[in-house]
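Inside the fold
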2 protein chains.
Amino acid sequence: MDSDFGIPRELSPIQQLRSQYQPQLPPCLQGTTVRVELGDGTTVAKAGDAHIIARAFPHTLGQPLAHFLRATAKVPDAQIITEHPAIRVGIVFSGRQAPGGHNVIWGLYEALKVHNAKNILLGFLGGSEGLFAQKTLEITDEVLQTYKNQGGFDLLGRTKDQIRTTEQVNAALKACTDLKLDGLVIIGGVTSNTDAAHLAEFFAEAKCSTKVVGVPVTINGDLKNQFVEANVGFDTICKVNSQLISNVCTDALSAEKYYYFVRLMGRKHSHVALECTLQSHPNMVILGEEVTASKLTIFDITKQICDAVQARAGQDKNHGVILIPEGIVESIPELYALLKEIHGLLKEGVHADNISTQLSPWSSALFEFLPPFIKKQLLLHPESDDSAQLSQIETEKLLAYLVETEMNKRTKDGTYKGKKFNAICHFFGYQARGSLPSKFDSDYAYVLGHICYHILAAGLNGYMATVTNLKSPVNKWKCGAAPMTAMMTVKRWSQNSGSTSIGRPVIHPATVDLKGKAYELLRQNAQKFLMEDMYRNPGPLQYDGPGADAKAVSLCVEDQDYMGRIKKLQGYLDQVRTIVKPGCSQDVLKAALSVMASVTDVLSTISSSSTSGQQFA
Amino acid sequence: MDSDFGIPRELSPIQQLRSQYQPQLPPCLQGTTVRVELGDGTTVAKAGDAHIIARAFPHTLGQPLAHFLRATAKVPDAQIITEHPAIRVGIVFSGRQAPGGHNVIWGLYEALKVHNAKNILLGFLGGSEGLFAQKTLEITDEVLQTYKNQGGFDLLGRTKDQIRTTEQVNAALKACTDLKLDGLVIIGGVTSNTDAAHLAEFFAEAKCSTKVVGVPVTINGDLKNQFVEANVGFDTICKVNSQLISNVCTDALSAEKYYYFVRLMGRKHSHVALECTLQSHPNMVILGEEVTASKLTIFDITKQICDAVQARAGQDKNHGVILIPEGIVESIPELYALLKEIHGLLKEGVHADNISTQLSPWSSALFEFLPPFIKKQLLLHPESDDSAQLSQIETEKLLAYLVETEMNKRTKDGTYKGKKFNAICHFFGYQARGSLPSKFDSDYAYVLGHICYHILAAGLNGYMATVTNLKSPVNKWKCGAAPMTAMMTVKRWSQNSGSTSIGRPVIHPATVDLKGKAYELLRQNAQKFLMEDMYRNPGPLQYDGPGADAKAVSLCVEDQDYMGRIKKLQGYLDQVRTIVKPGCSQDVLKAALSVMASVTDVLSTISSSSTSGQQFA
C-alpha cells in the first residue's frame, strides 16, 4: 500500500470540467431539515427463510423501511430531526472499484458539513485492511478537490473486500470503538453489503454504538432487488463497453472477414452483457441465465454459434460480433461441475499438476478434451467468494476454438460451403472499470452519499441507502433506506444422503430476469440482430449534448419504483382507515369489510404459493 | 461481400448529432474558383535514390508541388481554373479501416457537386476487389446521409488492400477505362499510396486519361514526411486508446496489485504508443525505435521492466501500466531474425509443424525457449506486405511471462523482497479502429476530400492530397498536393556475398524520430512517469466542451508546416529578385552576390552530406 492516497493530482481538461460539475439533489434532501418516515416492519423476501434469517439477525431483522421526505411534505407521522449533534463517521471501499465510488464519499461529506460543521469524516486507507489497521485520512474539501466525479477508488484504495472472519469483525469493532465512530459506511457489491449486514448485527449484539450503513456500488449490476434498482458503476461500464463493442461491430462490417468473440466482465450473472446488447446490437449474446434455464452444454452453445455463422454465410455475411459474459463458464453445467471438482481438490491441498488424475471419469474426459490454455486457467485457485477467477478464464477463446474446429469439420463434410471462419477474441474488463463516471453514476453516487448521512442522523443500523424512480430525472428521485436483512435469502443444497444443507443468509446476486422486460426486448430483436447487422453505436461517453443524459436501457424499460409503490399502497390503506372511521355508515363499513376480506384472501393465496417453492441451487 | 453497402441505417443520438455536423473549409477551398500555384519541380528525399526512382517513374517523377490558394490571393503565377466540365471520379478504400475515411468521400462529393452538378462520384464496393470487378455504387446525398462523420469503412467496405500485380493493375486500368473515369482516388496508408503512385505511372505510360490521387488515411500514423503531417484516423485511435489506458491506470491505482501489459495496434512503428503515452502518462512504454537504436534483446527488455518493478516495489508500489507497441516483435533483433527464418521456410512450403526442426541453431534455441502460445503465433503466415501478423502475436503476454519468471527468480535469490508480481494483459486494437471519428479527423478527412477534387480539376496525376499547418485552427490550414514519387525511398540490403540488393521504390513508413520533439518530451518525463504515477485521464472522446478540439500532442509539439516554409523561402527568393532588378545599385548587387554565394555554398555542403549516408535496413 503506498502513501500517496488522497494527494491532489494534475487533471486533464475533461477531468477538470468534471471536477467542477455539481450534481443536483432531489428536493427531499435539500435544506438541513431531515424528515424520516418509517413504514411498517419489513419481511424477508422468502417466507421460508424467515426463521433462519431471524436466528442470524435477532437485533436487526424486521426493521421498517425508511423514506426521506421534503421539508414541506404533509406526512403527519414523519419524524423531524432538527438537532444535529456532531458525529464521526468512517467510510471504506470494500468492493471492487466502480466508477462513481468517489462521489459517495463526496456526497456524505457534503451532507455531514451542511448539518454540522464539526462533523468528521474519516476515510479508511487501503480498503478493509485499512479499517482493521485503523489507517485513516480525514476527508476535507482539499482532499476531495481532484476526486469529485472522477473514476476509480484511488482516493482511498481497496484491498481484500472482506469483513467476515471473527478476527476481521473484531478488528472492525475495535477500529470503530477506538476511533469513536457514530457510523461506518461500507461501499461495495453483494458480498460487501452482506458483510455490512452481519457487521451491523454483530455491533448491535456487542452494544457498540457505531451504526453500519451499506451502499450499492458494483459494476456487475447484480445487487438488485425490490429496494435497489441500480448500482453505482453499472451505467458507466455498460456505456464504455457498448462504445467498444459498437466500434468492433463497425470494424467487422468494414473488413467483413472476422467474427469477434467479446467477453465482458460482470461476474456470475449477465446483466452487463444484456445491457450492452440492448445498447449496441451485436449479432449474438449468450446469457448465462439462458444457458442455465435451457441446461445448454458447451457443445450446444458451440452448435448454436456455428449454425448462426452458417446462416449468415448463406447471406454472404462472413463477419459478426458475439458477446460472452465472463460468468458463463459457471452456467454451463458440465464446466461448472468440473470447476467444483477442481476447487474441491485444490481445497484438499492437491497440487494443480496432479488434479487431472483425480477427477471423476466424466470430468476427466471433459478436461482432457479442452485445449491446454483453458486447462491451465480452470486450475486457478478460486476467489475469496468461492467463485472461479472469471476474469482469467478465456471462455471467448475456448468458444472461438470450438467453433473454428466445428466449422472446419463442416467444411470437410461439405455441409458448410462458406468462406473460412476467422475469429478474433477480446476481453473487455479492466479498460472500462477505471473510466470517468457517467453523469448518471456521478449523480446517483452523490445522492446515495447524502442518504448515508440521513440514515445515520435517524439512528438506523444495518440499512442500505436506496434511491428509487431512477429512470426519471433527479428531481423525481425518491430517497430511502432499506434494512439489509430484508434483502437476504438462504440457499439450500440437496445432499447425496437426501438431506438438505442450508447456507448462511446472504444478499445473493440477482440473476437476469428471463421474464423481465429487458430480456423480452432482447428476445423480440434477437433474430434481427443476428441476421441484419443492426449495429448501433451509442458513441463515447458524453457529458454534454445528446447521449449525456442517456440511462441504461434495462433500467428504463422495467416498471420499478417498488418503494414508491409500497408507499402508494400505504396511502390507500390510510385512506380506507380515514373513510371507515367509527361513525361511518353501515353500508360503507359493509362494503369495506367485503372488499378487504377478498383482498386479504387473494394476497394470502398468492404469497403462500410464491414462498412454498424452495430455491435449490 | 454482402450487398448491404451504402444502405441507410438507424443512428444513435450521438451518431445523429455527428451526422449533422458540418466541417469547416479553409478559406482557400471556399467558393468555386480554384487557384493553383505550381512550385518548382520536386526532388526525391535521398539524392542517392534518384536514378532508381527515375527509372521506375519516367512520367511522374519531378512534378512540382501544388498549392491551392484563396480566390483573393495575390499570386500572379497561380493558374485560375474557371471551367469545370463534368467529370467522373471513382473512389476506393484500399487500406485498413480508419475513423474518418467516410469523410474523404463526403468532401470529394461536395466539391464535385459544387463545381458541376453533373459530376459523378462512383464508390467501388468491397475495396480493391470491387475495383477489379467494377462493382460500383453512385454516391448521392441520400447514400451519404447516415455515414457523414461516422467511423469505419462500411459505406463501401474494403478487401485486399493491394493493387500491385500485373493482373491487378490491368484490371484497374480496364475498370477506369470501361467506367470512363477522369480520376481514381485511393484511400489508404503507406502501402496503398505506394500502389497508387505506381498505378499513376502505369496509367500515364498506358496513355489512360484517368488521374490517380492518393489520400493519407491510416491509424498507424506512419505516413509522415515533409509533405504529410498527419494521417486520418490516427487522432481518433490515440484518443480512444488513451482513454482506455488511463482507465486501466486508474484501475491499477485503485487495486494496487496488478501490472497491466497493454499492447497497442499500430503496425511496425511506435507512433500510436508514443502519442498515447504523451496523452495518458502510463508508467512505461517500450518503443520499437528505442529497441532498434539500442539493439535491445528480449532479455534486455525483460530486465528493464523487472528493474522498474523492483524500484517501484521499493517505494511500496506494486502496480503499474506498461505499453507495448505491436510492432516491437519486429524491432527485437533476435526475434526479427527468427521471424525472417520462419517466413522464409513458410515461403519454401515447409509446413508449420516441421519448421522448428529446420531453423538455424541460434534461432532454434530461442524458439525452444519461448512458451508454446507464442511459438504458435510466430508460425503464422506473414501478411501481404511480408510483415508478421502483428495483431496476432501476443508480445504483451510473452513479456509478462518473462517478467514473472524473472521476478520469481529474484524472489528466490532474495534480490527481490517485494510482493508477488501479478500481470494482466490487454490488446487494444479492433475496439478503437471502428470508433466515431474525432472532430479533428472528421475535419481533416473532409478537407482532404475537397482537395482531391482540386487536384483532378488541375489535371494532376500521381499526387497525394495534403494539408499542412494542421496544429492551427482549420481557417489557417494550408492545402496542397505533393507528387507521391517525392515521398519514395529505396532500401538496400547487404548480401552475404558483399553485394547490395536494391528494393522497389516505395513510400516507407516513417519511424518515430528519436531526435524529434515528441520523443524529447517523453524522455524528459519518463522517469517521473515511471515512479510517480502521474496518470492523466484525457477522458472519452468529446464533441463539445473541453477536449473536443484537442489535437495529438505529437502533432502540436513538432515544428511542421514544411510546405508553408517552402513557400516562405520562395517568398524570400522572389523578394531578392524584385530588389535586385537591373537598375539596382552596385552596392546592393554586390551584397546580394556575396550573401547568395555563401548561402549556396552552405546548402550544397549540407545537402551532399545528408544524402551520402546510404540507408541499409
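Rules used throughout
Residues numbered from 1 in each chain as written. Chains lettered and ligands numbered in written order. Predicted model: local features only at pLDDT ≥ 70, side-chain atom pairs only at ≥ 80, totals over all residues. Heavy atoms only, no water. Helix = DSSP H or I, 4+ residues; strand = E, 2+ residues; numbered from the N terminus. Rg over C-alpha atoms; globule rule 2.2 N^0.38 Å. Buried < 20%, exposed > 50% of the residue type's maximum accessible area, 1.4 Å probe, protein only. Contact = heavy atoms within 4.5 Å. Areas by Shrake-Rupley, 256 points an atom, 1.4 Å probe, with all protein chains shown as cover. Lys, Arg positive; Asp, Glu negative; His and termini not counted. Charge placed at Lys NZ, Arg CZ, Asp CG, Glu CD. Pairing = 2+ DSSP bridges. Axes fitted to C-alpha atoms, helices over the stretch in contact; angles between N-to-C directions. UniProt positions renumbered as here; feature names shortened; annotations may be inferred. Buried area = accessible area lost by both parts, 1.4 Å probe. Salt bridge = Lys/Arg side-chain N within 4 Å of Asp/Glu carboxyl O. Polar contact = N/O pair within 3.5 Å; in protein donor to acceptor, adjacent residues only side chain to side chain. Expected span 1.5 Å × (residues − 1). pLDDT = per-residue confidence, 0-100. Phe/Tyr/Trp six-rings, centres within 6.5 Å; stacked < 30°, edge-to-face > 60°. Lys NZ or Arg CZ within 6 Å of the ring centre and 35° of its normal. 1 Å grid on protein atoms, 1.4 Å probe; cavity = no way out; pocket = protein on both sides within 12 Å on 5 of 7 lines; lining within 4 Å. Points joined across faces, edges and corners; volume = space filled by probe spheres on them. Nonpolar A, V, L, I, M, F, W, Y, C, P; charged D, E, K, R; others polar. Patch = residues over 30% accessible without salt bridge, like charges linked within 9 Å, V, L, I, M, F, W, Y side chains within 5 Å. Domains from an automatic or database assignment. Least-squares fit on C-alpha atoms with pLDDT ≥ 70 in both.

Quick notes on the overall build of chain A
Helix and strand counts for chain A come out as 22 helices and 16 strands. Computed over C-alpha atoms, the radius of gyration of chain A comes to 26 Å, within 12% of the 25 Å expected from 2.2 N^0.38 for 617 residues, which places it in the range of a compact globule. When its C-alpha atoms are laid out on the principal axes, chain A stretches across 85 × 70 × 55 Å. Of all 617 residues assigned to chain A, the portion counted as buried reaches 59%. Residue pairs in contact within chain A that sit at least 24 positions apart in sequence constitute 80% of those at least 6 positions apart. Carbon and sulfur atoms make up 54% of the accessible area of chain A, which totals about 24400 Å². Computing the positive centroid from 61 side-chain charges and the negative centroid from 61, chain A places the two 3 Å apart.

Points about the sheet that holds strand β11 (residues 320-325) of chain B
Residues and elements named next belong to chain B. Read from one edge to the other, the open sheet built from four strands follows the order β10-β11-β9-β12, with strand pairing classed as parallel. Edge strands, defined here as strands with exactly one partner in the open sheet, are β10 (284-285) and β12 (423-428). Relative to β11, strand β9 (residues 259-264) is paired through six bridges, and the arrangement is parallel. By the bridge assignment, F261 is partnered in β11 with I322. Each of β9, β10 and β11 touches helix α9 (residues 271-280); the most contacted strand, β11, lies at about 155° to it.

Brief notes about the UniProt feature "domain: Phosphofructokinase" (unreviewed entry) in chain A
In the numbering used here, UniProt assigns the feature "domain: Phosphofructokinase" (unreviewed entry) to residues 88-451 of chain A. Helix makes up 49% of residues 88-451 of chain A and strand 13%. Its end C-alpha atoms lie 16 Å apart.

Some thoughts on the interface of chain A and chain B
Listed per partner, the contact involves 62 residues of chain A and 62 residues of chain B. Between chain A and chain B, a total of about 5100 Å² is buried, with carbon and sulfur atoms accounting for 50% of that surface. Linking chain A with chain B are four salt bridges. At the surface where chain A touches chain B, the tally comes to 23 residue pairs in polar contact (both at pLDDT 80 or more).

Here we look at helix α8 (residues 234-255) of chain A
All names here are of chain A. The terminal C-alpha atoms of α8, which comprises 22 residues, lie 31 Å apart, in line with the 32 Å expected from a rise of 1.5 Å per residue. Of all 22 residues in α8, 22 are buried, a share of seventy percent or more. Just past α8, the residue E256 takes up positive phi, approximately 55°.

Observations regarding the confidence of the model for chain A
Residues and elements named next belong to chain A. For chain A, mean pLDDT is 91; residues scoring 70 or higher make up 97% of the total. In this model, residues 611-617 is a region of pLDDT below 50 whose contacts with residues beyond four sequence positions or in other chains number 17 contacts. Both scores are given for the predicted complex: the pTM is 0.89, the ipTM 0.86.

Structural notes on the packing of aromatic side chains
All chains considered together, the criterion is met by 26 aromatic pairs over all chains. Taking the centre distance of 5.7 Å and the plane angle of 40° together, the rings of F440 of chain A and Y444 of chain A count as tilted. Separated by four residues within a single helix, F440 of chain A and Y444 of chain A lie in helix α18 (residues 439-457), roughly one turn from each other. Grouping residues by exposure puts F440 of chain A and Y444 of chain A together as buried. With a centroid separation of 6.2 Å and an interplanar angle of 80°, the aromatic rings of F427 of chain B and Y430 of chain B are classed as edge-to-face. Residue F427 of chain B is classed as buried on the basis of its relative accessible area of 13%. Put simply, the rings of Y258 and Y260 of chain A together with F427 and Y430 of chain B touch in pairs and so form one group of aromatic residues. Positioned above the aromatic ring of Y147 of chain A, the side-chain terminus of R9 of chain A is 3.9 Å from the ring centre. Over the face of the ring belonging to Y21 of chain B we find R18 of chain B, whose NZ or CZ atom lies 4.3 Å from the ring centre.

A short note on empty space enclosed by the protein
The tally for this structure, following the rule as stated, stands at five cavities of 30 Å³ or more. Roughly 130 Å³ of internal volume is contained in the largest cavity. Elements with a minimum of two residues in the lining of the largest cavity: α8 and α20 (553-557) of chain A. Of the residues contributing to the lining of the largest cavity, the split by class is five nonpolar, four polar and three charged. Put simply, the second largest cavity is a space of about 40 Å³. Around the second largest cavity sit R9, Q15, Q150, G151, G434, S435 and L436 of chain A together with T250 and N537 of chain B, which together line it. Grouping the constituent residues of the lining of the second largest cavity by class yields one nonpolar, seven polar and one charged.

Details of the sheet that holds strand β3 (residues 79-81) of chain B
Residue and element names in this part refer to chain B. Strands sit in the order β3-β1-β2-β14-β13-β8-β7-β4-β5-β6 across an open sheet of 10 strands; the sheet is mixed. Sheet topology places β3 and β6 (136-138) at the edges, where each strand pairs with a single neighbour. Shown here is a sheet whose adjacent strand axes are inclined to one another by a mean of 30°, direction ignored. With two bridges connecting them, strand β8 (residues 211-216) and strand β13 (residues 463-468) associate as parallel partners. Looking at the pairing, G214 lines up with M464 of β13. Relative to the sheet, helix α3 (residues 101-115) contacts β1 (34-41), β4 (88-93), β5 (120-124), β7 (183-188) and β8, its axis offset from that of β4 by approximately 175°. Contacting β1, β2 (64-69), β3, β4, β7, β8, β13 and β14 (478-483), helix α18 (residues 439-457) runs over the sheet at an angle of about 135° to β13.

Considering the side chain of Q162 of chain B
Residue and element names in this part refer to chain B. Position of Q162 among the secondary structure elements: in the loop between α5 (141-144) and α6 (166-178). At a separation of 3.1 Å, a polar atom in the side chain of Q162 contacts the side chain of Q168. Not counting residues up to four positions away in its chain, the partners in contact with Q162 are S94, S128, F132, Q168, D195 and S384.

Observations concerning unusual backbone geometry
At K295 of chain A, a position not held by glycine, the phi torsion is positive, near 50°. Tracing the backbone through its elements, the reader meets K295 of chain A in the loop between α10 (288-294) and α11 (298-313).

Some thoughts on a nonpolar patch on the surface
All names here are of chain A. On the surface, a nonpolar cluster with roughly 840 Å² of combined accessible area is contributed by L569, Y572, L573, V576, V595, M596, V599, V602, L603 and I606. Looking at the nonpolar patch, the elements that each hand over two or more residues are α21 (562-579) and α22 (586-612). Of all the elements, α22 adds the most residues to the nonpolar patch, at six residues. Residue position: M596 is located in helix α22.

Topic: the domain arrangement of chain A
Residue and element names in this part refer to chain A. Per the domain assignment, the segments making up chain A are domain 1 (16-233 + 437-491 + 501-507), domain 2 (236-430 + 512-557) and domain 3 (564-599). Taken together, the contact between domain 1 and domain 2 spans 24 residues of the former and 18 residues of the latter. Across the domain 1/domain 2 interface, buried area totals approximately 1800 Å², and carbon plus sulfur atoms make up 55% of it. Area buried by domain 1 at its contact with domain 2 is led by N220, K439 and K471, which between them contribute 29% of it. Inspection of the region where domain 1 meets domain 2 yields two salt bridges. R96 is the salt-bridge partner of E383, the closest N and O atoms lying 3.0 Å from each other. Taken together, the links from domain 1 to domain 2 amount to nine residue pairs in polar contact (both at pLDDT 80 or more). Here the side of domain 1 that touches domain 2 takes three residues from α18, the largest share from any one element.

Structural notes on the relation of the copies chain A and chain B
Taken as rigid bodies, chain A and chain B are interconverted by a rotation of 180° and an axial shift of 0.0 Å, the fit giving an RMSD of 0.1 Å. The superposition operator between the copies reduces to a two-fold rotation axis. In this assembly the copies share their binding face: 100% of the residues contributing to the interface of chain A also contribute to that of chain B.

A closer look at the pattern of salt bridges
Residue and element names in this part refer to chain A. The full count for this structure, using the stated rule, is 46 salt bridges over all chains. For the salt bridge of R164 with D195, the shortest nitrogen-to-oxygen distance reads 3.0 Å. Taken together, the residues R164 in the loop between α5 (141-144) and α6 (166-178) and D195 in helix α7 (residues 190-205) connect sequence positions 31 residues apart. Among the residues examined, D195 registers a relative accessible area of 1% and is labelled buried. When salt bridges with common partners are traced through the structure, they connect K303, D307, E406 and R410 into a single cluster.

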